[in-house]
2 protein chains.
Amino acid sequence: MTQDTQLEPLFSFDPHTGRRVYDPVAQTTSAELAATVERAALADATWAQTPRRQRASCLEAIAAALDAAAPGLVDTAMAESGLPSARLTGEVSRTTGQLRMFADVIRDGGYLGAIICPHDAARNQPDVRRVLRPIGPVGVFSASNFPFAFSVAGGDTASALAAGSAVVVKAHEGHPRTSAQVAAVVRQALHDAGAPTDILQVVYGKSAGSELVRHPAIRAVGFTGSLAGGRALFDIASGRPDPIPFFGELGSINPVVVLPSAAQLRRTELADGYAASLTLGSGQFCTNPGVIFVPDDAALLTAIADAVGATTVGPLLTERIHDGFQAAVTDEVWASLPLLASGTSDGAWSVPAQIRRASLDQFHSARDILTEERFGPAGLVVTYSDASQLLPVLTQLPGSLTASVHAEDGDAELAAPIAEALSAKVGRLIWNGWPTGVAVSWAMHHGGPWPASTAASHTSVGATAIARWLRPIAYQDWPQSLLPEELLDDNPTGVLQLRR
Amino acid sequence: MTQDTQLEPLFSFDPHTGRRVYDPVAQTTSAELAATVERAALADATWAQTPRRQRASCLEAIAAALDAAAPGLVDTAMAESGLPSARLTGEVSRTTGQLRMFADVIRDGGYLGAIICPHDAARNQPDVRRVLRPIGPVGVFSASNFPFAFSVAGGDTASALAAGSAVVVKAHEGHPRTSAQVAAVVRQALHDAGAPTDILQVVYGKSAGSELVRHPAIRAVGFTGSLAGGRALFDIASGRPDPIPFFGELGSINPVVVLPSAAQLRRTELADGYAASLTLGSGQFCTNPGVIFVPDDAALLTAIADAVGATTVGPLLTERIHDGFQAAVTDEVWASLPLLASGTSDGAWSVPAQIRRASLDQFHSARDILTEERFGPAGLVVTYSDASQLLPVLTQLPGSLTASVHAEDGDAELAAPIAEALSAKVGRLIWNGWPTGVAVSWAMHHGGPWPASTAASHTSVGATAIARWLRPIAYQDWPQSLLPEELLDDNPTGVLQLRR
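These numbers come from a predicted model, not from an experiment.

Asks: Quick question: what am I supposed to make of the environment of V426 of chain B here?
Replies: Among the structural elements, V426 of chain B can be located in strand β18 (residues 426–431). Remark: the alpha-carbon pair of V426 of chain B and S252 of chain B, spanning 174 residues in sequence, is separated by 9.4 Å. Discounting chain neighbours no more than four positions away, the residues touching V426 of chain B are R471 and I473 of chain A together with S400, L401, T402, A403 and P449 of chain B.

Shown next, in the form of structure tokens:
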């Protein structure tokens, strides 16, 4: 393989020290990118025709291999991400849990949306049978903040492999070595399971990423990352001679509304819960609570300030994220608001948590700036004196992944209209809980109106995440001998068939 | 209402004579467009919260009103489109059939994709419940060739109203008066049914169309029309500060493959069927068979030439379509191919059907030009001498709405790989039939890989067309008192709830 001398190798850094660790990983050249995608496309054709039960077994084999390799993978990810061992160990379990969930999803087969309309002579209708089929090779962009669960073998990859698509992953610059190790484990597991190893590929570097989105063989893209980066790639995908869907999860401020009775009855619990959610993973969650609306109550504000003041956060994931956070919290509008509290921090690229305070009026008048995502442990506490004034402010919020409502019996009258207003803005509503921590379950939805997602109609977590990598096909008067098995009259695999 | 003097009024023309009929309809000014969308957005909020059963009754009331008004509507559409009475009368039935089908779809409720994952203490999982909700106000672009079924009250509108969205339709310039009359019937029916009349609006003119796609309140767009027009609007939708989904159905050549045994056994039937499909609606169907692959058999080619030579086609719908067709068939590459047959025509804007002939090699070497859609009664007959050479050509075809295979027992060995190759390229496969005529049934899929559709994963016909106007929302630990009824434990409306 030739090496483009203009592309610097990718070094790994320890965020605790800012120093290099490991040998660098080479960036993928244009020629390598093209060859990689072509290998994936060849393997895709085989994989798409592999029976569902066999694909399910392969996903479980990948999960088992990752579980077995977890200790070594966690060590590498700790060195590259600065995240603690327990968190990363849990994240591997989450990752393998996702793979196993999608094995269940494709065994079940209901996701194929089979509909059968038999020939109807009276209405002069032909026999029409609809089912979903894999869309073709998929590009996936890893996230910085989940070196396992939203990376090489993360949810996008798991759902695309489940659908029957080959996947080319663009590794995140924050953890190239972890990415390479995960890929090696996955490819070995595929090989051992008798599946084509080329259905999982990893490429490195920013230029390889944009070339991936442009490559004619790629039929759809999944992305988790920043608004600016996601928008640039979305524009490439949409601007192609043949546009392809770009499923991006971009920025989100995840509003939290604390209603008066809840504030009164659960002051300490709310303050502690908020501080924990705000600083989880050094604040680097797409579901981080960026704005919290609370009653203008001195005791509550003191409790919140105390809780956040007591936090210590570890380093941010990369120097770039660190610098971006510093810029975001020195923004003029943000920095002019009174500081309610700040915590302490630990490590070279670390930043202390900080929360600032604004009135409902202040927030409303600088809404566009104050609702920008500040990726890291920064939170805005917006105080209200009259809860009835919340509604017009909430209806003006930008799209978010989540909104949370804290309420008790005394808040019942307020809760309904506030929930309705928030439901128009988000993809997930949480009752008396915090937005960080996205359960991996069939019903989960992780997406929302722009800028939370490029496509509010799709999710990157939960069983229906597979829908991104499928397209329908209808068979008209098609012979049983040539139909996909899910559309056969005798339904040999027992999938849900809607008959009308 | 103010009138922008720069916007010429829209005249109706009789395609048989090329002369004006009716008084013109004024184009919608920028100010009117904004006011119209705002009215729709207000009504949308009410409609989205109207219970499904009530929405279903409103759709049926619209269907009944259109059926009652059919004679007058058909008269107007005949004058504006040049299409015959029987065709247009059938099209009104198709239109009201679609409205009634979507009433059934939303009463059924399975389209909401309800999934319930109850609280699982052992796995530390919260209660999560997912359902689909309406996306918000929708823009719809009418098609030229279906003044009813793909226009003001057509499938896009029916599915969006069913979903719970308000609709602003951009009327097609080919039938402004029909559009206004249909809108009046629909709005009166909504009024009589006690629904907000502003959930159905019509705007006129090209600039109103692009402003509609740009308007911040519009959350998604449906479009049926040309590749050039659709691409321009897709680019506007994707280029917004907040991109919105654009579900466009653009161009399609709908390949037909006739295998040797079928050609031998059903020569006359195939020739007649092809000529009828090619000239149906003067060839102005998105499912028109643009390319047919047949054995190089003199008797079959003669039969085809005779059948097409015997056709008389009526006028094209508009002067613009007429001029576009003339340009498309004087294209250098096209015009250099031998003319196999041409028919006769009738009316001012009419054109005779014409079919040209190419070998497999000729077709393959000029593929990009020969697979452009020529909207009207033009067909390419590609002859093959060895059926095994078809496969590499078929895998290079652009995306289409449909592909058809004509085969008999003797073709069994060839049929399977050819069907598989075609299935990668299209949204519907037809066995021993013709692509024109899209059955309105739950399982129908009308869409396909680019350029057939901007989004191969969505359909504009069939029950799942409603999915374009929905987005998911998940409720986490949400109280029963505030959940949508489809997610309640006691499931009062009896919808399909997937429990996991």
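Asks: I keep staring at the relation of the copies chain B and chain A and nothing clicks. Help me out?
Replies: For these two chain copies, the linking operation is a rotation about an axis paired with a shift along it. When chain B is brought onto chain A, the operation consists of a screw motion whose angular component is 180° and whose axial shift is 0.0 Å, with 0.0 Å RMSD remaining. When the rotation and shift are considered jointly, the pair of chain copies conforms to a two-fold rotation axis. Minimal C-alpha distance to the rotation axis in chain B is attained by S238 of chain B, lying at 3.3 Å. Comparing contact sets, 100% of the residues at the interface of chain B also lie at the interface in chain A, consistent with an isologous, same-surface contact.

Asks: Explain the sheet that holds strand β7 (residues 200–203) of chain B here, please?
Replies: Remark on secondary structure: sheet strands pair via backbone hydrogen bonds, oriented parallel or antiparallel. All names here are of chain B. Taking strand neighbours across the sheet as the criterion, the five strands line up as β7-β6-β5-β8-β9 in an open arrangement whose pairing is parallel. Sheet topology places β7 and β9 (246–249) at the edges, where each strand pairs with a single neighbour. When strand polarity is set aside, the average angle formed by the axes of neighbouring strands in this sheet is 15°. Alignment of strand β8 (residues 220–224) against β9, held across four bridges, turns out to be parallel. Within the sheet, the bridge partner assigned to F223 lies in β9 and is G248. Here helix α1 (residues 30–48) sits on the sheet in contact with β6 (167–170) and β7, set at roughly 165° to β7. This element, helix α6 (residues 206–214), spans β5 (138–141), β6, β7 and β8 of the sheet and lies at about 145° to β5.

Asks: Even after reading the chapter, I still don't get the interface of chain B and chain A, so can you show me in this structure?
Replies: In many analyses, interface size is given as the accessible surface area lost on bringing the parts together. Facing the 62 residues of chain B at the interface are 62 residues of chain A. For the chain B and chain A pair, buried surface summed over both sides reaches about 5,100 Å², with 61% attributable to carbon and sulfur atoms. Broken down residue by residue, the surface that chain B buries against chain A is led by W431, Q476 and W478 of chain B, which jointly contribute 12%. With a shortest N-O distance of 2.7 Å, R500 of chain A and D108 of chain B are connected by a salt bridge. One can count 32 residue pairs in polar contact (both at pLDDT 80 or more) joining chain B with chain A. Mapped by element, the contributors of at least two residues to the side of chain B that touches chain A are β3 (114–117), β4 (128–134), α7 (227–239), α16 (412–423), β18 and β19 (470–476) of chain B. Counting residues per element, the side of chain B that touches chain A draws most heavily on β19 of chain B, which supplies seven residues.

Asks: Where do I start with the sheet that holds strand β8 (residues 220–224) of chain A in this structure?
Replies: Residue and element names in this part refer to chain A. Strand order in the open sheet made by the five strands is β7-β6-β5-β8-β9, with parallel pairing throughout. Edge strands, defined here as strands with exactly one partner in the open sheet, are β7 (200–203) and β9 (246–249). Across the sheet, the mean angle from the axis of one strand to that of its neighbour is 15°, orientation sign disregarded. Across four bridges, strand β5 (residues 138–141) lies against strand β6 (residues 167–170) in parallel orientation. Within β6, the residue paired with V140 across the bridge is V169. With respect to the sheet, helix α7 (residues 227–239) is in contact with β5, β8 and β9, its orientation differing from that of β9 by roughly 175°.

Asks: Would you explain the packing of helix α2 (residues 52–81) of chain B against helix α4 (residues 155–163) of chain B in this entry?
Replies: Helix packing geometry: the angle between the two helix axes and the distance between the axes. Residue and element names in this part refer to chain B. It is at 9 Å that the axes of α2 and α4 come closest, and there the two elements cross at 155°. For the element pair α2 / α4, the angle class is roughly antiparallel. In this structure, α2 crosses over α4, and the sense of that crossing is right-handed. Counting all contacts with α2, which are made through R55, L59 and I62, the residues of α4 involved are A158, L161, A162 and A163. A per-class count over the contact of α2 with α4 returns six nonpolar, no polar and one charged.

What counts, and where the lines are drawn
Residues numbered from 1 in each chain as written. Chains lettered and ligands numbered in written order. Predicted model: local features only at pLDDT ≥ 70, side-chain atom pairs only at ≥ 80, totals over all residues. Heavy atoms only, no water. Helix = DSSP H or I, 4+ residues; strand = E, 2+ residues; numbered from the N terminus. Contact = heavy atoms within 4.5 Å. Least-squares fit on C-alpha atoms with pLDDT ≥ 70 in both. Pairing = 2+ DSSP bridges. Axes fitted to C-alpha atoms, helices over the stretch in contact; angles between N-to-C directions. Buried area = accessible area lost by both parts, 1.4 Å probe. Salt bridge = Lys/Arg side-chain N within 4 Å of Asp/Glu carboxyl O. Polar contact = N/O pair within 3.5 Å; in protein donor to acceptor, adjacent residues only side chain to side chain. Parallel < 35°, antiparallel > 145°, perpendicular 65-115°, else oblique. Left-handed = near helix turned anticlockwise from the far one by under 90°. Nonpolar A, V, L, I, M, F, W, Y, C, P; charged D, E, K, R; others polar.

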